[in-house]
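# Understanding the architecture of this molecule
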Amino acid sequence: MSLPLILCALLGFVWSVDGALVRSKIQAASPIKPNVESNCARQCVDGETKTCYYQFHIEHYTTMGWPCDYNSSNCIQADGVERSINTVNRMMPGPKIEVCEGDTVVVDVHNEIVGQEVTIHWHGIWQTGTPHYDGVPFVTQCPIFSGNAFRYKWKADNPGTHFWHSHTGFQKMDGISGSLIIRQTSSRDHHSSAFNNDLSEHVIVLNDWHHYLTSETFPGPMRASLIGKLPNSLLINGKGQTIHPDTGVMTQTPLEHFFVVPGETYRFRFINAMGSVCPVILTIDQHKLIAISSDGEDFDSIAVDGIQSWSAERFDFIFTANQPAASYWVRFKAVGVCQSANMQQLALVHYSSAPSVPAADPPSPESPVPQGLILNRYTKDCAEDDKDSICFNRLKTKREVDSDILKANADVKLFLPLGSYDVPATRVLKIDDKFNVFAKKKLKANRIDNIQYKSAPSPLISQYDDINPSQFCNGTHKPENCGNSCGCTHKIDLPLNSVIELILIEDSKPSFSHTIHLHGYAFNVMGIGSLPNGPGSHLDKAKWLDSNGLLQRKFDRPAFKDTLTLPVGGYVVVRFKSDNPGYWFFHCHFAHHVMTGMSLVFEVGSKEDMPRVPDHFPKCGNFLPPI
């Protein structure tokens, strides 16, 4: 086979009988590496569905372990620094799941990590009718204990770019995550006419990476500042380079490469699988990005110079290979509170007819933050006339919005302040208090509505009656002697088939952004704004804005999301229709924040509305017989 034919095969093209180049939405001879039992990464066809089966074997592993070196292809290199990790099938990122809308996905998860439990959350999957497989320990299932297996089975009902990850401790940040793509037929894809190729090779998974187990940062040593809790580097599809902590020299591990053909258009799918507080801006030298979707939800396309993302957000964009044939740098630059760390990672886009060596030198980590029009970069008020950034309150969804969502007043309105707060040193030995340790003798706890979430001893969805009612609390029902903070299972009951409006207020002291994720739903972004300066609590200011009609709400095709960032010193207003009964986790997606209590559970509907618990569902809980 000639070199052009080899390149075309790798890029997902085939030659027709008469020799013409035929473009395909998804490559036929896919170089993805699914489990051998699965054959579901394909071009989707109307009326065709499959059952897609995967096996996940989760275990302790290592990077750069013997006999690994910079030239090895049979080991996990990461950024070239040896460390212990957790893996699925000894891959990082873990196995790709790529299916079509309507497929049934079955994943057998075997926990082979000695001494640790695990669950897998399918981030972005609504689990309609299957809330037992959402993967939240002690909410939707018992954790999978070491040596045990658990079968997840769910329907790929909501298409888009999603991902899967451990929902236990810091395991996600130590390697247990991977991409989850649900494609559509061209007739159902709003943007199918705008691109020719949707390839497995163009899925981007961004991970933050420590050079040690992430649990070593929790609660954290006193000598560690915020920077001490930040990752040491970033990884693109498990690859990257960094200054080696022992040698002080840049590692020579491979960078990720993306291949394109001149003149072609490609759908790239970008997954931010990070767990730390760093926002990251993605840019590609000399190329505009046409943003078309986020969190699996399409919106009117918009041309931007870069995309800023936080933990657990996903973005789809169209890349047009319309520049001179060359190799171009793809830059992932950490900004915000992480900008002073000069953290970045690089990849390369190669035009098929160009030299593999890029003409331009790689951008320095000290080089300025990318400029131009940036999607999802927050500025004051996310104003309509902002020329440098576009927030989600300015985007318009492609999906039809339920008319009830657009009515003037929601059926249920909840004000929920989310914040990181100082913890007095006198509480450091108090049992059950959870906090992060920072330099200068500071302890920080994270709460929603001033409640620090404490897990129940058994899953709410299957063993609710086994849980002591005093375990539960919310803003109007708190335990006695609660004081300034409660440690309990924060649960809010929501009526079925109602319009729920959440007014989420950034309440940290000092102010700090938080990225929130709602399980079981995508919500409409009604408004994003800032709170007025001056005395008074952030909650009181938000209520004052609302009572005076000044709280931003948008009723013209508001965009859908399932993960959204609260601006520093600001608020967001989101709405959803509570039509998916179950127990749904709602939490900050920064790992240290969720570990210290910034979570709650929405109980949607009554027990009678919930889908039936599967037969032989595992049980767990306290064992406290009489003495």
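Residues numbered from 1 in each chain as written. Predicted model: local features only at pLDDT ≥ 70, side-chain atom pairs only at ≥ 80, totals over all residues. Heavy atoms only, no water.

From N to C terminus, the protein chain includes five helices and 37 strands. On C-alpha atoms alone, the protein chain measures out to a radius of gyration of 24 Å, which is about the 25 Å that the 2.2 N^0.38 rule sets for 627 residues. With the C-alpha coordinates aligned to their principal axes, the bounding extent of the protein chain is approximately 75 × 55 × 55 Å. Looking at the 627 residues of the protein chain, the share that counts as buried comes to 59%. Of the contacts formed within the protein chain by residues at least 6 apart in sequence, a portion of 75% connects residues at least 24 apart. Averaging the locations of the 55 positively and 64 negatively charged side chains of the protein chain gives two centres separated by 4 Å. (Helix = DSSP H or I, 4+ residues; strand = E, 2+ residues; numbered from the N terminus. Rg over C-alpha atoms; globule rule 2.2 N^0.38 Å. Buried < 20%, exposed > 50% of the residue type's maximum accessible area, 1.4 Å probe, protein only. Contact = heavy atoms within 4.5 Å. Lys, Arg positive; Asp, Glu negative; His and termini not counted. Charge placed at Lys NZ, Arg CZ, Asp CG, Glu CD.)

Here we take up the state of the cysteines. Scanning all chains against the criterion turns up seven disulfides. Put simply, Cys-40 and Cys-52 are joined by a disulfide, and their sulfur atoms are 2.0 Å apart. Measuring the twist about the S-S bond at about -100°, one finds the Cys-40-Cys-52 disulfide to be left-handed. Of this pair, Cys-40 sits in the loop between strand S2 (21-22) and strand S3 (51-63) while Cys-52 sits in strand S3; the two residues are twelve residues apart in sequence, bridging distant segments of the chain. For the pair formed by Cys-40 and Cys-52, the shared burial category is buried. The partner cysteine of Cys-473 in its disulfide is Cys-488, sulfur to sulfur 1.9 Å. Where Cys-473 bonds to Cys-488 through sulfur, the torsion about that S-S bond is close to 80°, and the disulfide is right-handed. (Disulfide = S-S within 2.5 Å.)

The amide bond that connects Met-92 to the next residue, Pro-93, takes the cis arrangement and shows omega of -5°. Tracing the sequence through the fold places Pro-93 in the loop between strand S4 (83-88) and strand S5 (97-100). In this model, Phe-218 is joined to Pro-219 through a cis peptide bond whose omega is -5°. Secondary-structure assignment places Pro-219 in the loop between strand S11 (203-209) and helix H2 (226-229). Of note in the backbone geometry, Met-64 takes a positive phi value of approximately 55° without being a glycine. Tracing the chain through its elements places Met-64 in the loop between S3 and S4. Despite not being glycine, Asp-449 shows a phi value in the positive range, around 55°.

So, on to the sheet that holds strand S9 (residues 160-166). The four strands lie next to each other as S5-S10-S9-S7, forming an open sheet whose pairing is mixed. Only two strands of the sheet have a single neighbouring strand rather than two, namely S5 and strand S7 (120-123). For this sheet the average axis-to-axis angle between neighbouring strands, irrespective of direction, equals 20°. Across four bridges, S5 lies against strand S10 (residues 177-183) in parallel orientation. Counted as the bridge partner of Glu-98 is Ile-181 from S10. (Pairing = 2+ DSSP bridges. Axes fitted to C-alpha atoms, helices over the stretch in contact; angles between N-to-C directions.)

This model, assessed by the stated rule, comprises 24 aromatic pairs. Judged by centre distance (5.9 Å) and plane angle (75°), the ring pair of Phe-150 and Phe-617 falls under edge-to-face. With Phe-150 in strand S8 (residues 149-155) and Phe-617 in the segment after strand S37 (599-604), this pair connects stretches of sequence that are 467 residues apart. Classification of Phe-150 by relative accessible area gives buried; the value is 8%. On the basis of relative accessibility, which here comes to 11%, the residue Phe-617 falls in the buried class. Between Phe-586 and Phe-602, the ring centres sit 5.5 Å apart and the planes meet at 55°, which makes this aromatic pair tilted. Here Phe-586, found in strand S36 (residues 582-588), pairs with Phe-602, found in strand S37; they are 16 residues apart in sequence, far enough to count as distant. Residue Phe-586 is classed as buried on the basis of its relative accessible area, which comes to 1%. By relative accessible area, Phe-602 is classed as buried at 1%. The structure contains a cluster of three or more aromatic residues connected by ring pairs, namely Phe-56, Trp-122, Tyr-133, Phe-150, Tyr-152, Trp-154, Trp-164 and Phe-617. (Phe/Tyr/Trp six-rings, centres within 6.5 Å; stacked < 30°, edge-to-face > 60°.)

Across the protein chain, the average pLDDT comes to 90, with 91% of residues at 70 or higher. Here residues 1-37 scores under 50 on pLDDT; set against residues more than four positions off or in separate chains, the count is 66 contacts. (pLDDT = per-residue confidence, 0-100.)

With that settled, the discussion passes to the pairing of strand S14 (residues 265-272). Along S14, eight of the eight residues are buried, which leaves the element largely enclosed by surrounding structure. Bridge count for S11 against S14 is four bridges, and the pairing is parallel. Paired with Leu-206 across the bridge in S14 is Asn-272. In this sheet, strand S19 (residues 314-320) lies alongside S14 in antiparallel orientation, the contact comprising seven bridges. Directly across from Ile-271, in S19, lies its bridge partner Arg-314.

Moving on: a nonpolar patch on the surface. Together, Ile-243, Val-249 and Met-250 give the surface a local cluster of nonpolar side chains, amounting to about 260 Å² of exposed area. Its place among the elements puts Val-249 in the loop between strand S12 (233-236) and strand S13 (256-260). (Patch = residues over 30% accessible without salt bridge, like charges linked within 9 Å, V, L, I, M, F, W, Y side chains within 5 Å. Areas by Shrake-Rupley, 256 points an atom, 1.4 Å probe, with all protein chains shown as cover. Salt bridge = Lys/Arg side-chain N within 4 Å of Asp/Glu carboxyl O.)

So, about the environment of Asp-449. With respect to the helices and strands, Asp-449 occurs in the loop between strand S26 (442-448) and strand S27 (451-453). For the pair Asp-449 and Ser-599, spaced 150 residues apart in sequence, the C-alpha to C-alpha distance is 9.9 Å. Setting aside residues up to four positions removed in sequence, Asp-449 forms contacts with Leu-416, Pro-417, Gly-475, Lys-478 and His-490.

It is worth spelling out the pattern of salt bridges at this point. Tallied over the full model, the rule gives 36 salt bridges. Here Asp-198 and Arg-183 are joined by a salt bridge, their closest N and O atoms 3.1 Å apart. Placement of Asp-198 in the loop between S10 and S11 and of Arg-183 in strand S10 is noted, with a sequence separation of 15 residues between them. Considered together, Asp-198 and Arg-183 belong to a single accessibility category, that of buried residues. Between Arg-553 and Glu-501 there is a salt bridge whose closest N-O contact spans 2.8 Å.

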